[in-house]
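Here's the letter readout for the chains.
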Amino acid sequence: MSTKESTSANDNKWIGQRTIRPDGADKVTGRAAFAADTTMPGMIWGKVLRSPHPHARIKSINTRKAEAYPGVKAVITAKDIVDFPLDKSVMLGIQDMRWMCRNVMAREKVLFAGHPLAAVAATTEKIAAEACKLIEVEYEVLPFVIDVEEAMKPNAPVLHDFVKFEGKPSNIAGRLEHKLGDIDTGFAKADVVIERSFRTKPVHQGYIEPHACLVSVSDGKATVWSSSQGQFMVRAMCAYMSGIPQNDIRAIPAEIGGGFGGKTIVYLEPLALVLAKKTGRPVKMIMTRTEVFHASGPTSGSYSTIKMGATKDGMLVAARGTFCLQAGAFPGSPIRGAAGCAFAPYNIPNVYSEGFDVVSNRSKVAAYRAPGAPIGAYGTECVMDELAEALKMDPLEFRLKNAARMGTKAAHGPVFPRIGFVETIEQAKAHAHYTTALPKARNGKLYGRGVASGFWFNAGGESSAQVNVNEDGTVVVITGHPDIGGSRASTANITAEVLGIDYRKVSVLIGDTSTIGFSNLTGGSRVTYASAMVVTQSTEQVIATLRERAAKIWKIDPDAVVWENGEARPAGDNAGKFEPLSLGQIAAQASATGGPIGAGKQLNTTGAEGGFATHLCDVEVDPDLGIVRVLRYTSFQDVGRAIHPSYVEGQMQGGAAQGIGWALSEEYIFDKNGKLDNPSFLDYRMPVCSDLPMLDSVIIEVPNTKHPQGVRGVGEVPLVPPLGAVSNAIYNALGRRFYSLPMSPPKVLAAMDLAAE
Amino acid sequence: MAKLHVSTTINGEPQEFLCEADQSMLDVLRGPLGLTGSKEGCGTGDCGACTITVNGRIVCSCLMLAAEAEGQKIGTIEGMADGEKLHPLQQKFLEQAALQCGICTPGVLMAAKSLLERNPNPSEHDVRFWLAGNLCRCTGYDKIIRAVMETAADMRGAAR
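Let us look at the structure shown here. (Residues numbered from 1 in each chain as written. Chains lettered and ligands numbered in written order. Predicted model: local features only at pLDDT ≥ 70, side-chain atom pairs only at ≥ 80, totals over all residues.)

**Considerations on the overall build of chain B**
- Each helix and strand counted, chain B has five helices and five strands in total.
- Helices and strands in chain B line up, N terminus first, as β-β-α-β-β-β-α-α-α-α.
- Relative to the globule expectation of 15 Å for 160 residues, the C-alpha radius of gyration of chain B, 16 Å, shows essentially globular dimensions.
- Expressed along its principal axes, the backbone C-alpha trace of chain B runs to roughly 50 × 35 × 25 Å.
- Taken across its 160 residues, chain B has 57% of its residues classed as buried.
- Look at the contacts in chain B between residues 6 or more apart in sequence, and 60% of them connect residues 24 or more apart. (Helix = DSSP H or I, 4+ residues; strand = E, 2+ residues; numbered from the N terminus. Rg over C-alpha atoms; globule rule 2.2 N^0.38 Å. Buried ≥ 20, exposed ≤ 12 C-beta atoms within 10 Å, placed from the backbone. Contact = placed C-beta atoms within 7 Å.)

**Things to note about the overall build of chain A**
- Scanning chain A from terminus to terminus reveals 22 helices and 30 strands.
- Relative to its length of 757 residues, chain A is compact, with a C-alpha radius of gyration of 27 Å against a globular reference of 27 Å.
- Once the C-alpha set of chain A is aligned to its principal axes, its extents read approximately 90 × 75 × 50 Å.
- Across the 757 residues that make up chain A, the buried fraction comes to 59%.
- In chain A, of all internal contacts separated by at least 6 residues, the share reaching a separation of at least 24 is 80%.

**So, the environment of Lys 47 of chain A**
All names here are of chain A.
- For Lys 47, the location among the structural elements is in strand E1 (residues 44–50).
- Here Lys 47 falls in the buried class, since 26 other C-beta atoms lie within 10 Å of it.
- For the pair Lys 47 and Met 285, spaced 238 residues apart in the sequence, the C-alpha separation amounts to 6.5 Å.
- Those residues in contact with Lys 47 that sit more than four places away from it in its chain are Ala 119, Val 120, Glu 125, Ala 128, Ala 129 and Cys 132.

**A short note on the interface of chain B and chain A**
- The interface of chain B with chain A comprises 42 residues on the first partner and 46 residues on the second.
- Counting residues per element, the ones that place at least two in the side of chain B that touches chain A are helix H2 (88–95), helix H3 (105–118), helix H4 (124–130) and helix H5 (142–159) of chain B.
- A total of four residues in the side of chain B that touches chain A trace back to one element, the largest contributor, which is H2 of chain B.
- In the side of chain B that touches chain A, the residues fall into 23 nonpolar, eleven polar and eight charged. (Nonpolar A, V, L, I, M, F, W, Y, C, P; charged D, E, K, R; others polar.)

**Focus on the packing of helix H16 (residues 487–499) of chain A against helix H17 (residues 527–554) of chain A**
Residue and element names in this part refer to chain A.
- In the contact formed by H16 and H17, the axes pass within 9 Å of each other and the chain directions differ by 30 degrees. As the angle between them shows, H16 and H17 are arranged roughly parallel. The two elements H16 and H17 cross, and the hand of that crossing is right-handed. Between H16 and H17, the contacting residues are Ser 487, Ser 490, Thr 491, Ile 494, Thr 495, Val 498 and Leu 499 on the first element and Val 527, Thr 528, Ser 531, Ala 532, Val 535, Thr 536, Thr 539, Glu 540 and Ile 543 on the second. (Axes fitted to C-alpha atoms, helices over the stretch in contact; angles between N-to-C directions. Parallel < 35°, antiparallel > 145°, perpendicular 65-115°, else oblique. Left-handed = near helix turned anticlockwise from the far one by under 90°.)

**Remarks on the nonpolar core**
Residues and elements named next belong to chain A.
- Ranked by size, the top nonpolar core spans 294 residues in total, and within it Val 120, Val 224, Leu 271 and Val 726 carry the most contacts.
- Element by element, the count of residues in this core is highest for H17, at eleven residues.
- When residues no more than four places from it in sequence are discounted, the contact partners of Val 726 are Gly 450, Cys 617, Val 619, Val 630, Ile 660, Ala 663 and Leu 664. (Core = buried A, V, L, I, M, F, W, Y, C linked by C-beta atoms within 7 Å.)

**Some remarks on the pairing of strand E25 (residues 567–570) of chain A**
All names here are of chain A.
- Where strand E24 (residues 561–564) and E25 come together, four bridges link them in antiparallel fashion. Looking at E25, one finds that Val 562 is bridged to Arg 569.
- The antiparallel pairing of E24 with E25 creates a hairpin that spans two residues between the two strands, and Asn 565 there sits at a positive phi of about 50 degrees.
- The pairing of E25 with strand E26 (residues 581–582) spans two bridges and is classified as antiparallel. Of the residues in E26, the one forming a bridge with Ala 568 is Leu 581. (Pairing = 2+ DSSP bridges.)

**Here we look at the pairing of strand E1 (residues 4–10) of chain B**
Residue and element names in this part refer to chain B.
- Examined bridge by bridge, E1 and strand E2 (residues 13–19) share seven bridges and lie antiparallel to one another. What sits directly across from Val 6, in E2, is Phe 17.
- Where E1 meets strand E5 (residues 73–75), two bridges bridge the pair, whose relative direction is parallel. Paired with Ile 10 across the bridge in E5 is Ile 74.

**Notes on H3 of chain B**
- Taking 1.5 Å as the rise per residue, H3 of chain B with 14 residues should run 20 Å; its terminal C-alpha atoms sit 20 Å apart, in good agreement.
- Among the 14 residues in H3 of chain B, ten count as buried, and that is most of the element.
- Here the buried face of H3 of chain B lies against helix H2 (24–29) of chain A together with strand E3 (51–54), strand E4 (57–60), H2, H4 and H5 of chain B. (Expected span 1.5 Å × (residues − 1).)

**A short note on the sheet that holds strand E14 (residues 221–226) of chain A**
Residues and elements named next belong to chain A.
- Taken together, the seven strands give an open sheet; going across it, the order is E3-E7-E1-E16-E13-E14-E15, and neighbouring strands pair in mixed fashion. Edge positions in the sheet fall to strand E3 (72–77) and strand E15 (249–253), since each has one partner strand and no second. Recorded for the sheet is a direction-independent mean angle of 20 degrees between the axes of neighbouring strands.
- Relative to strand E7 (residues 116–122), E1 runs antiparallel, the two sharing six bridges. Bridge pairing in E7 places Lys 47 opposite Val 120.
- Together, E1, E3 and E7 form the strand contacts of helix H5 (residues 125–132), whose direction differs from that of E1 by roughly 30 degrees.

**Quick notes on the sheet that holds strand E22 (residues 475–479) of chain A**
Residue and element names in this part refer to chain A.
- If you walk across this open sheet you meet the four strands as E23-E22-E21-E27, and the pairing is mixed. Two strands close off the open sheet at either side, each with one partner strand: strand E23 (506–510) and strand E27 (597–605). Between one strand axis and the next, the sheet turns through 15 degrees on average, direction left out of account.
- By the bridge criterion, nine bridges tie strand E21 (residues 461–469) to E27 in an arrangement that is antiparallel. Bridge pairing links Val 467 to Ala 599 in E27.
- Helix-sheet contacts for H16 involve E21, E22 and E23, and the interaxial angle to E23 is about 140 degrees.
- Each of E21, E22 and E27 touches H17; the most contacted strand, E27, lies at about 145 degrees to it.

**Some points on unusual backbone geometry**
All names here are of chain A.
- Note that the residue after Leu 741, namely Pro 742, is joined by a cis bond; omega there is -5 degrees.
- Structurally, Pro 742 can be placed in the loop between helix H21 (722–734) and helix H22 (745–756).
- The phi dihedral of Asp 219 falls on the positive side, at around 55 degrees, and the residue is not glycine.
- Examined against the element boundaries, Asp 219 turns out to sit in the loop between strand E13 (212–218) and E14.
- One non-glycine residue with positive phi stands out, namely Ala 370, at about 55 degrees.

**Some points on the packing of H2 of chain B against H3 of chain B**
Residue and element names in this part refer to chain B.
- At a closest axis distance of 10 Å, the pairing of H2 and H3 adopts a crossing angle of 130 degrees. Overall, the two elements H2 and H3 adopt an arrangement that is oblique. Pair H2 / H3 crosses with right-handed handedness. Contacts between H2 and H3 pair Leu 89, Gln 90 and Phe 93 from the former with Thr 105, Leu 109, Ala 112 and Lys 113 from the latter.
- Partitioned by chemical class, the residues of the contact of H2 with H3 number four nonpolar, two polar and one charged.

The analysis is restricted to geometry; functional conclusions fall outside its scope.
And the structure:
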């Protein structure tokens, strides 16, 4: 289908075409090299000793027996990792090295069950694991707290003496607020006010590829192969924690088996690096799935309160939100996403939104797709549903009436330029999904429909690209962003479009830290946005060179040469009569006309604009079993411009599926000793394909005028509305509302039993 | 303990290897045999990324002892394409963008191929339940299901 579609269209128009991804064949044949697939001669294996306690002071660690165990080559503890003293913050992006160095290896205390205490390198994985058991750790076990509400109580066990709130030691590590207008005045004008509290559990990103790396050190120079959302982040983290300068570390991005934000920080790489340095042997480390669940970074559990008011004609007049997010062992929960995105879809004149960053004894939070925003939107969208019902308004009509548009001032700062939120609601209203009646209750099953909207900031930031023309007229493009979901395909489309050549003549590679300029993380929905900018500018520079070369061949002025459909042509009759020169013809003469043809661009990209979506969800509830099934799901999203529609749809579908899992079945369950009770894919229940229906996706394109192709960013918005959409659908089916997630069968059943009494 | 000697057939070719008694088939495939197309997502048979065939039946290779391969016919993702010629499922997955990160893809393809060998005309329901043992976190499964059903239709057309 896609190939036919591509060739039947104008051959020089690649943007918006469903082209075959450059790395596709490798990924369907098993040839693609993910982090765990790489080996080296002389390679040994690293394993981590992890704390069984959620909170304890480390009194001593004795590694002698482990070191003496046959096959063991080295044992390291926190003393082998560079220390960042607690009194001085050293930031790398949004990460504070004080926390990062303590997260990869516990220093004064262990702060969660699974916290690394030591690492062993040995000739086999089995010996390394055996040797870990021989390490003797003396703990002073301390009281622990995991739940966010418990952690905020005045008598809660305090994780860090140096964290103070209002002058007293506390687990509240940070607070932010957004204010717009005056909420007291606003609520005074309201005819209907609804205030509710909501709770969500920690959920994991659920990437199928566990964290893995291979590190070799030779002559003081390190090579790191690893699965991450940013090789430059890996390099910097490794440099900071090992003391090796950045020029002596080459971080090579392996193919990445999913990240969703969870691979924007490191766990294993610095340990493997220090072990490799100590032993002189390449060291490979792979987490087990259990380790991934215990010790990587699920998103926050949360407690939030939302109060919203509207006039009787359906205009929102005030909103207040308080969002308390669990950061885990160290500060840094995504309160900005929760407090900033919760009310952003609506034009509300008076807003007060505050977030609390709360540390507790679980693993340190990592980013998860639109970090914080789904938590913020969950409460808002449920309250919006209740308000619409109280006002006897259609929920989409109510959203449309209050939708943010060009000129709307958002509480988190910006005045929106032209955005496509209204279009998402209008298209949802008109869609067959919304106009088709739900099934009537039958066989004891109940049916309901829910709607919800959502917003994410999107991001620009640093990106680099290099575009080189080969002697045969084919093109190689190198960017610095790990390709997590098909971004090479969008890069190929853009290069081919700008240059006017067939996309199959463009190869796209991801450079390592020594072969391409600095590029920030694959995250924030920024890769296609930012790499399109640097790739476009690099390609335009290449075209300028190609015109110069043609001018030289024709002996005319470069300004008299135009570039059209992959060829240099004289600008007009006055320029002279010459046969067009193709890219291949110019490339073949490159040596004689001035040398290699290529260009690179490095930018701190700006102009990213927010993305909005509206989702429709139909559910079937079995009141006897408490099982909720999603029967139909449709997402409407303004993406600006879809460079490769299939991968845009894929982002929308994947986000919806993750949101359905968060709403219905996924949660971290801790036992009474503070240890995760469900650290496996069997017990941590992500949707499998028999749980889901087809996930329809409607792409809406309201171009971002600040981007050469109109891109807004796509990846994260899709996870923002589903929690509300599923909740509202279940309410519509049952007439009962749940204020906490997940709405799993035991919870639904308990609510049904309660209602029956 | 002495290693076990195993003689087996992998992707149609005779193969011998030595393994520990407690070593999984997945470890031997990925380690000494260098067939890293089968992936380990969990090691507990929950994700399906390590799916292979044993005498035509799909198996999570992380749950199979390597010693059990003795005398069996093993199929892995590396044997799915005929040289450079992709299997129709592989080709359809590319055309339909039925993969994003690609880590689950080898297992999904192995399972889907096995389905089409048994049922050339599967319903959406059939495909969803057959592939329920293969976790994918990127796609929401939509494009995977469509790709499998379209491949089945193409193959039925070609067989007619």
